[in-house]
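# Analysis of the macromolecular model
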Amino acid sequence: MNDQLTEPIESHDEDLFAGPAPAWPKWIGGFAIGWGGLMLTCTGIMSAYILYLPKMMEPMLEGAPLPEAMQLGLLDWSLMAVGILALLLLIVGGVLCVMRNPLSRVLILIWGISSIPFSLVNYVRQMDAQESMRAWAQQYPDNTIAQNMTAGGQSAQQIGEVVGLAMTIVLGIIVPAFFVVWFGFIKTKPAQMLGAEEEII
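Residues numbered from 1 in each chain as written. Predicted model: local features only at pLDDT ≥ 70, side-chain atom pairs only at ≥ 80, totals over all residues. Heavy atoms only, no water.

This part covers the packing of helix H2 (residues 26-61) against helix H3 (residues 74-98). It is at 8 Å that the axes of H2 and H3 come closest, and there the two elements cross at 155°. Classified by the angle their axes make, H2 and H3 are roughly antiparallel. Crossing of H2 over H3 shows left-handed handedness. Here the contact of H2 with H3 is composed, by residue class, of 18 nonpolar, 7 polar and 1 charged. (Axes fitted to C-alpha atoms, helices over the stretch in contact; angles between N-to-C directions. Helix = DSSP H or I, 4+ residues; strand = E, 2+ residues; numbered from the N terminus. Parallel < 35°, antiparallel > 145°, perpendicular 65-115°, else oblique. Left-handed = near helix turned anticlockwise from the far one by under 90°. Nonpolar A, V, L, I, M, F, W, Y, C, P; charged D, E, K, R; others polar.)

Written as C-alpha cells, this is what we have:
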C-alpha cells in the first residue's frame, strides 16, 4: 500500500527535475550581433567621411597641401578592410551563437584575439597622425585649419589623446577581452552550449 502511494510522488519528482541543463544564454550572441553591427555602422560612416574629406577641406586649405594624415594609403585601406571583415566575422559568430551552433565559439574567439592587437595598432597610427597634423600646423601657421588646431592649446590636445586612449581601452580591449574570457575560459565545450552540461555563469 505504501509503495503504491510513494511511487507516483517519486515519479513526479523525477519528471520535475528532468530535462536539459541550461545552455549558453542567447544574450551573448545578441550582444555580439549588436556590437558588431554598431561598430560596422561606425566604420562605414567614418570611411565615407574620410573618403570625401579632401573635397570638404579643399576650400579651407588656402593653397596649402592636404595634410599627410588626411591622405589614406594602401595600408590604411587594408587595415580598414580587415577591420570590416573581422566585424562581419563577429556578427556571423553572434548569429551562430543564438542558433546554439558551437562554431560560434571559434569565430568569436578569432575576432576577440585578433581585435586587441589590431586596436593597439590603430591607436598608435592615430597618435602618429596627430603628430603629423601638429607638424603640418607648425609649417603653415597662417592657415585657418592650423589656427583652429592650435586655438585650444596644449591642454586640448592632451584631452584629445586621453579620450582616444580611453575609447581604445573600452572599445578595442575590454569588449574583445570579455568575449575571449567567456569563450576561452568559461564556455570551452560544445556540450555546454547544447545543454548537456550544467551552466556556470
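Right, let's get into the nonpolar core. If you look at the biggest cluster of nonpolar residues, it comprises 15 residues, and the most contacted ones within it are Ile 28, Trp 35, Leu 90, Ile 108, Trp 111, Phe 179 and Phe 183. Secondary structure elements with two or more residues in this core: H2, H3, helix H4 (103-139) and helix H6 (153-186). For Trp 35, the residues in contact, after removing those within four places along its chain, are Leu 90, Trp 111, Leu 171 and Val 175. Of all hydrophobic cores here, the second largest spans 11 residues; its members include Leu 61, Leu 66, Met 133 and Ala 137. (Core = buried A, V, L, I, M, F, W, Y, C linked by side-chain atoms within 4.5 Å. Buried < 20%, exposed > 50% of the residue type's maximum accessible area, 1.4 Å probe, protein only. Contact = heavy atoms within 4.5 Å.)

Okay, a nonpolar patch on the surface next. A cluster of nonpolar side chains, contributed by Ile 159, Val 163, Leu 165, Met 167, Ile 169, Val 170, Leu 171 and Ile 174, occupies part of the molecular surface with about 670 Å² of accessible area. Assignment of secondary structure puts Ile 159 in helix H6. (Patch = residues over 30% accessible without salt bridge, like charges linked within 9 Å, V, L, I, M, F, W, Y side chains within 5 Å. Areas by Shrake-Rupley, 256 points an atom, 1.4 Å probe, with all protein chains shown as cover. Salt bridge = Lys/Arg side-chain N within 4 Å of Asp/Glu carboxyl O.)

As for its position among the elements, Ser 119 is in helix H4. Residues contacting Ser 119, with those up to four places away along its chain left out, are Thr 168 and Gly 172.

With respect to the secondary-structure elements, Arg 100 resides in the loop between H3 and H4. Measuring from C-alpha to C-alpha, the distance between Arg 100 and Pro 190 comes to 9.0 Å, with 90 residues separating the pair along the chain.

Here the focus is the packing of aromatic side chains. A complete count under the given rule lists 10 aromatic pairs for this structure. Measuring from centroid to centroid gives 6.4 Å for Trp 27 and Trp 182, while their planes differ by 55°, and the two rings are tilted. With Trp 27 in helix H2 and Trp 182 in helix H6, the pair connects residues that are 155 residues apart, well separated along the chain. Residues Phe 179 and Phe 183 carry aromatic rings whose centres are separated by 6.4 Å and whose planes lie at 5° to one another, so their mutual orientation is stacked. Note that Phe 179 and Phe 183 are positioned in helix H6 at a spacing of 4 residues, about one turn of the helix. (Phe/Tyr/Trp six-rings, centres within 6.5 Å; stacked < 30°, edge-to-face > 60°.)

This part takes up the confidence of the model for the chain. A low pLDDT means the predicted coordinates there should not be read in detail. When pLDDT is averaged along the chain, the result is 78, and 79% of the positions lie at 70 or above. Averaged pLDDT values over the elements of the chain bottom out at 45 in helix H1 (residues 2-17) and peak at 90 in H3. Across residues 4-19, where pLDDT falls below 50, the model places 0 contacts with residues more than four positions away in sequence or in other chains. The low-confidence segment residues 196-201 (pLDDT under 50) makes 15 contacts with residues lying over four places distant or belonging to another chain. (pLDDT = per-residue confidence, 0-100.)

Our focus in this paragraph is unusual backbone geometry. Look at Arg 100: it is not a glycine, yet its phi comes out positive at around 65°. What makes Arg 100 partly exposed here is its relative accessible area of 26%.

Put simply, H3 and H4 touch, their axes get as near as 9 Å, and they point 150° apart. Classified by the interaxial angle, the pair formed by H3 and H4 is roughly antiparallel. Crossing hand, H3 versus H4: left-handed. In terms of residue class, the contact of H3 with H4 is made up of 16 nonpolar, 5 polar and 2 charged.

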